[in-house]
Amino acid sequence: MTYEKLTVAEARKAEAIGKDVLLQGWVRTRRDSKAGFSFVELNDGSSFGNIQLLISKELPNYETTVKSITAGSSMTVQGTVKASPGQGQETEIEAKVVELVGAADPATYPLQKKGHSLEFLRSIAHLRVRTNTFGAVARIRNRVSFSIHQFFQENGFFYVHTPIITASDCEGAGQMFHVSSLNPDDSPKDDAGKVDFSQDFFGKPSYLTVSGQLNVETYCAGLSRVYTFGPTFRAENSNTSRHAAEFWMIEPEIAFCELEENMEWAEKFLKRLIADVLQHSAEDIAFFNEQIDKTLIDTLQHVLSSQFIRLSYTEAVDLLIQSGRKFDYKVEWGIDLQSEHERYLTEEHFKSPVILYDYPKTIKPFYMRVNEDGKTVRAMDVLVPKVGEIIGGSEREYQLDVLETRMKEQKLDLEAYRWYADLRRYGTVPHSGFGLGLERALMFLTGIANIRDVLPFPRTPGNCEF
Ligand code: 4AD
Ligand code: MG
């Protein structure tokens, strides 16, 4: 007899009924009934749901093999897909041949029973993808990544690979990880006794990038619509549930585009990601709605159907002051808004995504376009309920003289950024872009409250396990 190799997802569909199939995966549970059968729940990650195997005690290797199939074991089964009499599943497998591939010792396998805490699962990040929650997160992360490319490709954007190693600090916050091939115990020193980076691999200090923006802007000034999507690194020592030292960022950059159009792109883009997971990851999203956040689907649908609120920084500050609310960090014009302020606006006051724009120039990087008031820049942050800032972006300063003044104000080495200034020297155009943190988007889309649970292997202060 020949067996068709299917995934569990395929075998769970009614179309598979009647087929002789071969399935492989990992066992979630085995239960032995008195009626001469064992039931095994098999999962191969292809879908949220398992498939049930019905294994008769008449199988020749029942005592020798089937009895040693425990949670976490890997196995192969050949059998026939039947319509399932049970509720909640269309099909099940009547097993004909069962083979144990790799056993999992029940005395030590950590995922015996259901309902481990997310904190505990972080300590076994190498095994946690075998749980309902982390399997679903992994599939949604994949789906969202795919949608990101689809959205930009359908809109005429080109994907650009920007470097991971860089000598420039795009955000100017000094939160860079050094990249060096010098021996830290025996590094060459200059006359002042400082490390002599001229003898380092690149002949100068270099770092892991905090953003691909500066590089992607160069490609924008030639390809018009571009985006980069890659890992970014920040050595910010903030141990919060929303910051990781290594995260993935999507950064589109659009030529001949001012801030208003940039906001439109950001809103359209986020809505597309929401619509796609609701449509294509329905089973996983239903699980998150049930187990993680009972308001998830309502929130996503609400955001999808509403216009994002647009509010200037100055209006937001007035509103926060007038709210009468006691914040830990006092609100006054000029401060960098804290998470408590952002969350008040998006979660309590507007109960909707909010795009804040025109921030004080003193709290924003050198590359943002200066407004006519001379005090604010054409920055925008998109805030969403439960996550806060999900997108940060701006219109870029495209006038050479203004850009150079800003660089001097922020004490940047003009020579080091000469290539960036060249874009303003030769054929400059108004242009804009933004950065979406992939993990912040995933937190929003799944309801998961800690960034450590949407990254396969989170890197945070003091933690570089696995
Ligand atoms: O607001 P940020 O710092 O903006 C930039 O890096 C710009 N260069 C983007 C651009 O205009 N091309 O970061 C953008 C987004 C934030 O809104 C947030 O979603 C995410 O990146 N982000 C982080 N996510 C996780 N952990 C961190 N430490 C993050 N820092 C920023
Ligand atoms: Mg930001």
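Before any of the text, the structure's been laid out above.
Nothing here was measured: the structure is a model prediction, and the numbers come from that model.

## Overview of the state of the cysteines
- Throughout the structure, instances matching the rule amount to zero disulfides.
- Between C170, a cysteine without a disulfide, and C220, which holds the nearest cysteine sulfur, the sulfur-to-sulfur distance is 14 Å.
- By relative accessible area, which is 2% here, C170 ends up buried.
- With no disulfide of its own, C257 lies 8.6 Å from the sulfur of C220, the closest cysteine sulfur.

## Here's the deal with the sheet that holds strand β8 (residues 165–166)
- Judged by pairing direction, the sheet is antiparallel, and its three strands sit side by side in the order β8-β10-β9 without closing on themselves. In this open sheet, the two strands that pair with only one neighbour each are β8 and β9 (178–179).

## Structural notes on empty space enclosed by the protein
- Tallied over the entire structure, the rule returns two cavities of 30 Å³ or more.
- What lines the largest cavity is E217, C220, A221, A255, L423, R424, G427, T428, V429 and H431.
- Breaking the lining of the largest cavity down by element, the ones donating at least two residues are α4 (213–223) and α11 (418–425).
- Among the elements that take part in the lining of the largest cavity, α4 stands out by supplying three residues, more than any other.
- Here the lining of the largest cavity is composed, by residue class, of five nonpolar, three polar and two charged.
- T166, S168, C170, T209, S211, L214 and N215 are the residues that line the second largest cavity.
- Grouping the constituent residues of the lining of the second largest cavity by class yields two nonpolar, five polar and no charged.

## Looking at the sheet that holds strand β17 (residues 431–437)
- What the eight strands build is an open sheet, ordered β7-β11-β12-β17-β16-β15-β14-β13; its pairing is mixed. Two strands close off the open sheet at either side, each with one partner strand: β7 (158–159) and β13 (309–312).
- Pairing of β13 with strand β14 (residues 354–360), which is carried by four bridges, proceeds in the parallel orientation. Each bridged residue has a counterpart across the sheet, and for I309 the counterpart in β14 is V354.
- Its contacts with the sheet put α4 on β7, β11 (225–233), β12 (246–255) and β17, and the angle it makes with β12 is roughly 30°.

## Some words on the site of ligand 1
- Inspection of the region around ligand 1 gives 25 residues, with E171, Q213, E236, E251 and E389 positioned closest.
- One of the side-chain N or O atoms of S211 is found 3.0 Å from a nitrogen atom in ligand 1.
- One of the side-chain nitrogen or oxygen atoms of E251 is found 2.7 Å away from a nitrogen atom of ligand 1.
- With the chains in place, 94% of the 620 Å² that ligand 1 exposes on its own is no longer accessible.
- If you list the elements that add at least two residues to the shell around ligand 1, you get β12, β16 (388–395) and β17.
- Of the residues in the shell around ligand 1, the class split is nine nonpolar, eight polar and eight charged.

## Digging into the packing of aromatic side chains
- Overall, the coordinates contain 21 aromatic pairs when judged by the stated rule.
- Summarising the aromatic geometry, the rings of F152 and F269 are spaced 4.8 Å apart at their centres and angled 40° between planes, so their arrangement reads as tilted. Placement of the pair is F152 in helix α3 (residues 132–154) and F269 in helix α5 (residues 259–280), with a sequence separation of 117 residues.
- With relative accessibility at 0%, the residue F269 sits in the buried group.
- On the numbers, 6.4 Å between centres and 40° between planes, the contact of F457 with F466 is tilted.
- Among the residues examined, F457 registers a relative accessible area of 38% and is labelled partly exposed.
- With relative accessibility at 42%, the residue F466 sits in the partly exposed group.
- Through pairs of rings, three or more aromatic residues link up here, namely F151, F152, F157, Y159, Y227, W265, F269 and F434.
- The ring of Y359 carries the charged tip of K364 above its face, separated from the ring centre by 4.3 Å.
- In this structure, R424 packs its charged tip against the face of Y420, placed 4.2 Å from the ring centre.

Rules of the game
Residues numbered from 1 in each chain as written. Chains lettered and ligands numbered in written order. Predicted model: local features only at pLDDT ≥ 70, side-chain atom pairs only at ≥ 80, totals over all residues. Heavy atoms only, no water. Disulfide = S-S within 2.5 Å. Buried < 20%, exposed > 50% of the residue type's maximum accessible area, 1.4 Å probe, protein only. Pairing = 2+ DSSP bridges. Helix = DSSP H or I, 4+ residues; strand = E, 2+ residues; numbered from the N terminus. 1 Å grid on protein atoms, 1.4 Å probe; cavity = no way out; pocket = protein on both sides within 12 Å on 5 of 7 lines; lining within 4 Å. Points joined across faces, edges and corners; volume = space filled by probe spheres on them. Nonpolar A, V, L, I, M, F, W, Y, C, P; charged D, E, K, R; others polar. Contact = heavy atoms within 4.5 Å. Axes fitted to C-alpha atoms, helices over the stretch in contact; angles between N-to-C directions. Near = heavy atom within 4 Å. Polar contact = N/O pair within 3.5 Å; in protein donor to acceptor, adjacent residues only side chain to side chain. Areas by Shrake-Rupley, 256 points an atom, 1.4 Å probe, with all protein chains shown as cover. Phe/Tyr/Trp six-rings, centres within 6.5 Å; stacked < 30°, edge-to-face > 60°. Lys NZ or Arg CZ within 6 Å of the ring centre and 35° of its normal.

Bear in mind that shape data such as this cannot, by itself, settle questions of function.
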